[in-house]
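# Working through the structure, step by step
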Amino acid sequence: MSIGISGLTKRFGRTDVLRGIDLGIKKGELVALLGPSGSGKTTLLKIIAGLEWPDAGRLEVDGVDWLQLAAQERRIGFVFQHYALFPHMTVRDNLAFGLTVRPRAERPGKAVIAAKVDELLHFLQIAHLADRYPAQLSGGQRQRVALGRALAIEPKVLLLDEPFGALDAAIRRDLRRWLRGVHDSTGSTTIFVTHDQEEAFELADRVVVMGEGRIEQIGHADAIHDHPATPFVARFMGATVELPVTLQAGRIEAPGLDLSALPRRPLPDGPADLFVRPADILPVPDDASPWRIDSRMSNGANLRLVLSHASGALAEADVPRRAVQADALVAGTAARLRVAAGTVFPATRGAPPAQKTEPKSLKLESVR
Amino acid sequence: MSAAATQTGAPIRAKRVLPGFTLSLGTTLLYLTLIVLIPVIALILKGAEIGPARFWQIVSSPRAVAAFQITLTAAVIATVLNAVYGLLMAWVLVRYDFPGKRLLDALMDVPFALPTAVAGLSLTALFSANGWFGSVLHPAGFPVVYTIWGIALAMAFTSVPFVVRTVQPVLEDMDPALEQAAVTLGARPWAIFARVVFPAILPAWLAGCTTAFARSLGEFGAIVFIAGNLPFQTEIAALLAFIRLEEFDYNGAAAIALVLLGFALALLLVSNLLQTWASRYREASR
């Protein structure tokens with residue numbers, strides 16, 4: 001089922017949760033809504049489900065105006081973040097709920113329902129759990145039951161809210177692969193919400209990056225990773241170091257930075273911000289540089305160096321611990337920053353760069 | 001001097017995180033014994049004093065049997081009314097926002113706070129032949145005062161908060177995602193209530209109804225004013241026990257009281273069994 005969304009807005013009290021969403025999703029596509037908490041991604045998902053209602057805009061599925069339909073009539077499969085399994089029903093009854101709850105005239109016979117549930121139990125590889133209650137299942141098992149319950153009504157659209165949010169890292173990876181298989185074999189149109197980039201990029205055909213109620217960028221993993229469309233996406237994609245630079249005839253320059261690896265940019269001359277991932281920065285000892293190493297921590301594989309500029313700005317650099325240069329990088333050393341890759345955006349309203357770097361990188365940490 | 005020795009030699013004793021276990025448990029047990037256990041034991045001993053034959057004779061006397069019947073019937077009527085109304089009230093208080101909601105919520109405690117005699121007096125005033133309600137009901141051929149309906153009314157008044165206050169917090173704690181999940185699966189409002197919400201509040205609701213019923217069995221103050229207290233017609237068991245006591249027939253009073261106690265204990269047992277059954281799916285989560 002193809003989904004067309006245009007001009008969708010939603011306010012909760014005085015907060016604009018969605019500020020005009022336009023998005024088209026093709027039949028059979030697997031799309032991720034990626035963004036930090038508060039970006040409006042879950043609200044968008046709930047509007048598609050019919051659990052929330054927008055203030056303005058259009059939502060059409062195969063040409064049908066879904067804003068005229070109640071949630072019950074939309075035939076969607078929704079998988080909740082904490083599964084929302086019915087605690088007083090066995091796995092079998094949970095799976096059958098969407099079928100047994102239909103009006104008598106449309107309800108399939110008991111044998112048909114039982115057969116359908118058995119089929120799902122096998123498809124989800126949880127046949128041995130059929131008679132257990134949700135309280136007796138592990139997180140990963142509950143996730144499968146929740147998905148199975150949604151699939152039982154053969155939904156036109158499958159919607160998942162942070163489907164792996166509450167699971168261990170290892171189970172997540174397994175279930176991710178498994179969900180991709182489920183999507184491919186059911187052929188449904190699937191949208192899922194996540195704040196985990198790895199999850200979004202590994203699983204989805206297309207990723208929609210959302211921030212503060214707007215769509216910031218739509219695309220594939222590589223494009224979003226290498227060419228973030230906005231400073232928001234750059235930061236969200238891990239380019240947490242913001243360095244004030246100057247553009248001159250397309251060349252990026254700043255004292256204490258070695259930017260020779262960066263290509264020229266077709267941007268107007270003037271002040272600009274360079275967004276860089278800590279792993280793309282290599283400090284090189286240089287007494288003339290205004291940058292100085294403040295601290296050095298190891299996480300085993302990498303050294304994380306925190307550097308400060310004479311003006312008070314901070315930057316972080318991740319250097320492989322076994323790199324040849326690593327030994328020389330001790331606290332107190334003055335160093336030039338060699339930047340391997342980064343994205344430049346014209347400076348925003350001339351805000352003082354010294355205060356910009358730190359709070360934003362902190363904010364992003366808290367978002368993860 | 002012997003610091004090293006104690007460090008190596010002393011056995012390891014796990015320290016409790018919360019101090020004061022012995023003291024607090026001891027105080028609680030002492031209090032419980034004085035307030036609850038000793039009176040109950042005294043009652044049982046008093047009843048046992050007279051021997052089974054005499055006991056049976058007292059409790060199976062026509063007047064006592066009639067009193068038990070009236071008490072039980074009225075308590076059943078009151079509990080059925082409260083079960084329905086109390087559930088509705090809890091639902092309204094939890095699910096909707098409306099002006100005066102907090103006031104209504106506070107009003108729910110009035111039956112707890114009001115002296116039961118005051119409740120009995122005002123109910124009698126309202127329902128007597130020249131009261132506001134009575135002046136309508138009496139000519140319609142439905143007298144409330146001095147009938148079993150009056151008793152049931154007084155019981156319902158004093159016991160309704162038990163149902164409301166046990167269901168309310170459970171309803172409040174229900175995960176809204178459960179109902180949303182049911183909606184996305186195509187369930188209509190009634191199906192959501194019957195198949196998702198009600199099973200979740202069933203244990204609490206049963207518990208509330210049982211306490212309300214037990215309370216109704218023992219209610220005294222509110223009833224004596226409205227019941228008229230005619231033997232064989234509107235005389236409740238608690239009043240009969242009181243009458244026996246006034247006649248210095250301690251054994252008779254104790255025997256009737258024991259039967260009431262037996263009802264209450266049996267009810268608690270049934271209630272607990274029902275609750276265990278209704279929440280059997282939770283076993284693994286604890």
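What this report covers is the structure whose coordinates are included nearby. As the structure is a prediction and not an experimental result, all values here were calculated from the model.

Criteria and cut-off values
- Residues numbered from 1 in each chain as written.
- Chains lettered and ligands numbered in written order.
- Predicted model: local features only at pLDDT ≥ 70, side-chain atom pairs only at ≥ 80, totals over all residues.
- Heavy atoms only, no water.
- Pairing = 2+ DSSP bridges.
- Helix = DSSP H or I, 4+ residues; strand = E, 2+ residues; numbered from the N terminus.
- 1 Å grid on protein atoms, 1.4 Å probe; cavity = no way out; pocket = protein on both sides within 12 Å on 5 of 7 lines; lining within 4 Å.
- Points joined across faces, edges and corners; volume = space filled by probe spheres on them.
- Nonpolar A, V, L, I, M, F, W, Y, C, P; charged D, E, K, R; others polar.
- Axes fitted to C-alpha atoms, helices over the stretch in contact; angles between N-to-C directions.
- Contact = heavy atoms within 4.5 Å.
- Buried area = accessible area lost by both parts, 1.4 Å probe.
- Salt bridge = Lys/Arg side-chain N within 4 Å of Asp/Glu carboxyl O.
- Polar contact = N/O pair within 3.5 Å; in protein donor to acceptor, adjacent residues only side chain to side chain.
- Parallel < 35°, antiparallel > 145°, perpendicular 65-115°, else oblique.
- Left-handed = near helix turned anticlockwise from the far one by under 90°.
- Buried < 20%, exposed > 50% of the residue type's maximum accessible area, 1.4 Å probe, protein only.

As a further point, take the sheet that holds strand S19 (residues 335–339) of chain A. All names here are of chain A. Taken in spatial order, the three strands make up an open sheet running S13-S19-S15, and their pairing is mixed. Edge positions in the sheet fall to strand S13 (257–258) and strand S15 (281–285), since each of these pairs with one other strand and no more. Relative to S19, S13 runs parallel, the two sharing two bridges. Paired with Asp 258 across the strands is Arg 338, a residue of S19.

Here we come to empty space enclosed by the protein. Residues and elements named next belong to chain A. Applying the stated criterion across every chain, the model contains one cavity of 30 Å³ or more. Sorting the residues of the lining of the largest cavity by element identifies helix H5 (139–151) and helix H6 (169–186) as the ones contributing at least two each. Sorting elements by how many residues they give to the lining of the largest cavity places H6 first, with three residues. In terms of residue class, the lining of the largest cavity is made up of seven nonpolar, one polar and no charged.

To continue, consider the packing of helix H4 (residues 62–95) of chain B against helix H13 (residues 237–246) of chain B. All names here are of chain B. It is at 8 Å that the axes of H4 and H13 come closest, and there the two elements cross at 145°. When H4 is examined against H13, the residues Arg 63, Ala 64, Ala 67, Phe 68 and Thr 71 are found in contact with a partner set consisting of Ala 237, Leu 240, Ile 243 and Arg 244. Partitioned by chemical class, the residues of the contact of H4 with H13 number six nonpolar, one polar and two charged.

Our focus in this paragraph is the interface of chain B and chain A. Facing the 21 residues of chain B at the interface are 24 residues of chain A. Both sides together, the interface formed by chain B and chain A hides about 2,200 Å², and carbon and sulfur atoms give 67% of it. Contact with chain A buries area across many residues of chain B, yet Leu 185, Arg 195 and Tyr 281 of chain B alone supply 33% of it, more than any other trio. The interface formed by chain B and chain A contains zero salt bridges. Where chain B meets chain A, there are three residue pairs in polar contact (both at pLDDT 80 or more). Counted by class, the side of chain B that touches chain A contains 13 nonpolar, four polar and four charged residues.

This part is about the packing of helix H3 (residues 91–100) of chain A against helix H4 (residues 110–123) of chain A. Residues and elements named next belong to chain A. Contact pair H3 / H4: the axes reach a minimum separation of 10 Å and the direction vectors enclose 125°. As judged from the angle between their axes, H3 and H4 are oblique. Along this stretch, H3 crosses H4, giving a crossing that reads as right-handed. Each of Val 91, Arg 92, Leu 95, Ala 96, Leu 99 and Thr 100 in H3 lies in contact with H4, whose residues at this interface are Ile 113, Lys 116, Val 117, Asp 118, Leu 120 and Leu 121. Considering only residue class, the contact of H3 with H4 consists of eight nonpolar, one polar and three charged.

This next bit is on the sheet that holds strand S11 (residues 241–248) of chain A. All names here are of chain A. Strand order across the open sheet formed by four strands is S12-S11-S14-S20, with antiparallel pairing between neighbours. Pairing within the sheet leaves two strands with one partner each, and these edge strands are strand S12 (251–253) and strand S20 (343–346). Averaged over all adjacent pairs, the angle separating strand axes in this sheet is 40°, with direction ignored.

Before going further, it helps to spend a moment on the pattern of salt bridges. All names here are of chain A. Inspection of every chain in the model, using the stated rule, returns 29 salt bridges over all chains. In this structure, Glu 52 engages Lys 10 in a salt bridge whose closest nitrogen and oxygen atoms are separated by 4.0 Å. You can see Glu 52 sitting in the loop between helix H1 (41–49) and strand S4 (56–61) and its partner Lys 10 sitting in strand S1 (residues 3–12), a full 42 residues away along the chain.

Positive phi, close to 60°, is recorded for Gln 125 of chain A, a residue that is not glycine. By the secondary structure assignment, Gln 125 of chain A is in the loop between H4 and H5. Overall, Gln 125 of chain A belongs to the exposed group, its relative accessible area being 52%. For Asn 229 of chain B, which is not glycine, the phi torsion reads 55° and is therefore positive. By the secondary structure assignment, Asn 229 of chain B is in the loop between helix H12 (221–227) and H13.

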